[in-house]
Amino acid sequence: MAELKDILVPDVGGDEVEIIELCVAVGDTVEAEDALVTVESDKASMDIPAPFSGKIAEIKVAVGDKVSEGTLLVKLEEAGASSSESSEAKPETKEEPKAEATPASDSKTETSGSAGKTIEVEVPDIGTDDEVDVIDVLVAEGDIVSKEDGLITLETDKATMDVPSPENGKVVSLKVAVGDKAGQGKVIMTLAIEGEDSSSSDTPKADTANTNQAPQANENAGGQSSATEVKNVEVPDIGTDGEVDVIDVLVAVGDTVEAEQGLITLETDKATMDVPAPFAGVIKSLEIDNGGKVAMGTLIATIEVAGSSSAPAKSESTNSAPANQAKDTPAKESKPAPKAPPVQLAHPSSVGGNGKSGNLHATPSVRRLASEFGVDLTKVKGTGRKGRILAEDIKSFVKYELSRPKATAASSVAAGEGGLQVLAAPKVDFAKFGEIETKALTRIQKISGPNLHRNWVTIPHVTQFDEADITSLEAFRKEQNAMLAKQKSDLKITPLVFIMKAVASGLLTYPQFNSSLSTDGESIVLKKYVHIGVAVDTPNGLVVPVVRDVDKKGVNEISRELMEISGKARQGKLTAKDMQGGCFTISSLGGIGGTAFTPIVNAPEVGILGVSKSEMKPKWNGSEFEPKLMLPLSLSYDHRVIDGALAARFAVHVSSVLSDIRKLVL
């Protein structure tokens, strides 16, 4: 039978405190030590945890209420007798170390059956002679702690700090509570340091059991792998961290496939691609369907492949390893697990904050600091225990906000918060003015649209306009194509190839254009390779395949490669690799028309060249006008990295090379 138990306010170190947050709702299931409510005194804020696991039946308080020690908070439904027994057994285990530790006047008495000792943990030098507030107790009696784990949190008038554990061990008794005052040298708890004898004697038993079982399991597995083996096939690196659509499943369960045969077809924001089988075999199971979403590492299928004869031998060698390991390192394995490395959190402005103010965990001093800086705590990601916001989080957030003018895209744009705080587009019922038709955007348009918007609003664009005299170049190009036609070659040289070579020359001459702004906006990354993206118009939208090492390839080689990737783009067969690694982009509208336009920089690149339709114009040669074929160029660049003078020099250089292609061999 379920039993309702009253959860009362424990000793909170004061008369009355205010409830500033309800962490649970009626019907919620909680574990032991989960926060039920957050209260705030004049000195600190703290969570009141659940003493055992169960289900919230009733909540007797509300936000804003004043409570004190003994006030009824919630009624908790504890299911089953087993949970009651476990919760009742807990105090017994806490009292046992106390009884053993009592005779230990010198703090070095051995505990029963072990070679451990009990020590008193004192407050170290905290930089002040005065007593400071204990604002959080991070452990409970009976907890196992590792060296350097935080035990309590103290707050001075300048900072908050954790008092770390000096050794690995078990908390025997606590001498302080939240709200107490503590100064240097005050005993905060007693700690039973774990001995090595008992723990090391236990470990070999477990290792021996594992050693006895492992050979048997490996032996069975080895026998099976000698005939066949079932292997998992996962989605490889597809050039994006997000999920993509499965638009076709090319195989069925029971099919026999060869290595490199397509299993499924995926569609990203830029291309469709097949995921090939990494080895030959028989499809045993399919784990995805048409229309599903997958990402790198998602299980696609299991394939049964022929096993090798060496598999049993390998199994035998692995069987012997655990036994040797158990003999050699029992003491080493008995030590407490090392403290986990700190998690590398993203920047406070690049991660969603706390969302609503009800989920905030911050001490009064941190709230006061946030108020002084005008920081909205809901936008700050806490790095403290249970997501608590620390003073360092506030300072880090302020530093980042101050550096934003020099940094890259503002996170608020991606977060859908308006970014520039502009008015929302008006909502209009177009049907009342006449007949309409609604047509869905293509997948490429849906995903490229937000990227283009991000680039436009976060990159300070400037566009430099120029012209290039391509009269001689065009005559040479037509001459070369005529020769290729006589040789019955399928190769055709387009003006774009020469533009790519001219841009490659410009990138080598002005390496600032062949760079990217670092993520913190404080430096640039200069690239030592020249890969150029070419915008290709397809029925599904614009894609930008990349031609690699343009500076090292000849005109004919680039022409052939350009024909191949343009064909793949129009057929929707580009892979993620085909569109990665670009240093600079060329967008050519010469085959359509126009005199100039403003292309949008394709981040993280810092420049893009727009090419319009060439036109015959009269040009003065000093004595008379003569007709010249002029090619309009529109160079857009990121003004954070490129200044106007450098952009003008780059545009003049490209124009000069196109006017006299002999400069490419200099």
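Because the structure is a prediction, the values reported are computed rather than measured. (Residues numbered from 1 in each chain as written. Predicted model: local features only at pLDDT ≥ 70, side-chain atom pairs only at ≥ 80, totals over all residues. Heavy atoms only, no water.)

J.: Teacher, can you tell me more about the sheet that holds strand 2 (residues 17-22) here?
T.: Strand-to-strand pairing in sheets goes through backbone hydrogen bonds, with the strands running parallel or antiparallel. The antiparallel open sheet is built from 4 strands, whose spatial order is 5-4-2-7. Each having just a single partner strand, strand 5 (45-49) and strand 7 (66-67) make up the two edges of the open sheet. Relative to strand 5, strand 4 (residues 35-40) runs antiparallel, the two sharing 5 bridges. Note that in strand 5 the partner of T38 across the bridge is D47. (Pairing = 2+ DSSP bridges. Helix = DSSP H or I, 4+ residues; strand = E, 2+ residues; numbered from the N terminus.)

J.: It is not clear to me how the environment of G297 should be interpreted in this structure. Could you clarify?
T.: Its location among the elements puts G297 in the loop between strand 23 (293-294) and strand 24 (299-306). Taking relative accessible area as the criterion, G297 reaches 37% and is therefore assigned partly exposed. With 62 residues separating them in the primary sequence, G297 and V235 have C-alpha atoms 5.0 Å apart. For G297, the residues in contact, after removing those within four places along its chain, are E234 and V235. (Buried < 20%, exposed > 50% of the residue type's maximum accessible area, 1.4 Å probe, protein only. Contact = heavy atoms within 4.5 Å.)

J.: So what exactly am I meant to see when it comes to the confidence of the model for the protein here?
T.: Close reading of the predicted structure is inappropriate where its pLDDT is low. Scored by pLDDT, the protein has a mean of 78; 76% of the residues are at 70 or more. Per-element averaging of pLDDT across the protein places helix 4 (residues 330-334) at the bottom with 40 and strand 33 (residues 607-611) at the top with 97. Of the regions scoring below 50 in pLDDT, residues 308-346 engages in 35 contacts with residues more than four places distant in sequence or in other chains. Confidence over residues 406-419 falls short of pLDDT 50; this stretch has 25 contacts with residues more than four positions distant or in other chains. (pLDDT = per-residue confidence, 0-100.)

J.: What is the right way to read the pattern of salt bridges from this model?
T.: Opposite charge on two side chains permits pairing when their charged atoms draw close. Enumeration over the complete set of coordinates arrives at 14 salt bridges. The closest approach of N and O atoms between K60 and E58, which form a salt bridge, is 2.6 Å. In this structure K60 comes out as partly exposed when scored by relative accessible area, which is 41%. As a salt-bridge pair, R560 and D490 come within 3.5 Å of each other at their nearest N and O atoms. (Salt bridge = Lys/Arg side-chain N within 4 Å of Asp/Glu carboxyl O.)

J.: What exactly am I supposed to notice about the sheet that holds strand 1 (residues 3-8) here?
T.: If you walk across this open sheet you meet the 4 strands as 1-8-6-3, and the pairing is antiparallel. Either end of the sheet is taken by a strand with one partner, and the two such strands are strand 1 and strand 3 (29-30). Here strand 1 runs beside strand 8 (residues 72-78); their pairing, made up of 6 bridges, is antiparallel. Within strand 8, the residue paired with D6 across the bridge is K75.

J.: Quick question: what am I supposed to make of the packing of helix 10 (residues 495-509) against helix 12 (residues 644-659) here?
T.: Relative placement of two packed helices is described by the angle separating their axes and the distance separating the axes. Contact pair helix 10 / helix 12: the axes reach a minimum separation of 9 Å and the direction vectors enclose 135°. It follows from the interaxial angle that helix 10 and helix 12 lie oblique. Between helix 10 and helix 12 lies a crossing of right-handed hand. Seen from helix 10, the contacting residues are F498, I499, A502, V503, S505, G506, L507 and T509; seen from helix 12, they are F650, H653, V654, V657 and L658. When its residues are assigned to classes, the contact of helix 10 with helix 12 shows 9 nonpolar, 4 polar and no charged. (Axes fitted to C-alpha atoms, helices over the stretch in contact; angles between N-to-C directions. Parallel < 35°, antiparallel > 145°, perpendicular 65-115°, else oblique. Left-handed = near helix turned anticlockwise from the far one by under 90°. Nonpolar A, V, L, I, M, F, W, Y, C, P; charged D, E, K, R; others polar.)

J.: How do you make sense of the packing of aromatic side chains when you look at a structure like this?
T.: Each aromatic ring pair is described using two quantities: the centre-to-centre distance and the angle formed by the ring planes. Applying the stated criterion across every chain, the model contains 4 aromatic pairs. Consider the rings of F476 and F498, whose centres lie 6.2 Å apart with planes at 75°: the pair is edge-to-face. Of this pair, F476 sits in helix 9 (residues 471-486) while F498 sits in helix 10, and the two are 22 residues apart along the sequence. These aromatic residues form a ring-pair network of at least three members: F513, F584 and F650. Taking the ring centre of F52 as reference, the NZ or CZ of K5 above it sits at 5.3 Å. A cation sits over an aromatic face here: K231 above F279, 5.1 Å from the ring centre. (Phe/Tyr/Trp six-rings, centres within 6.5 Å; stacked < 30°, edge-to-face > 60°. Lys NZ or Arg CZ within 6 Å of the ring centre and 35° of its normal.)

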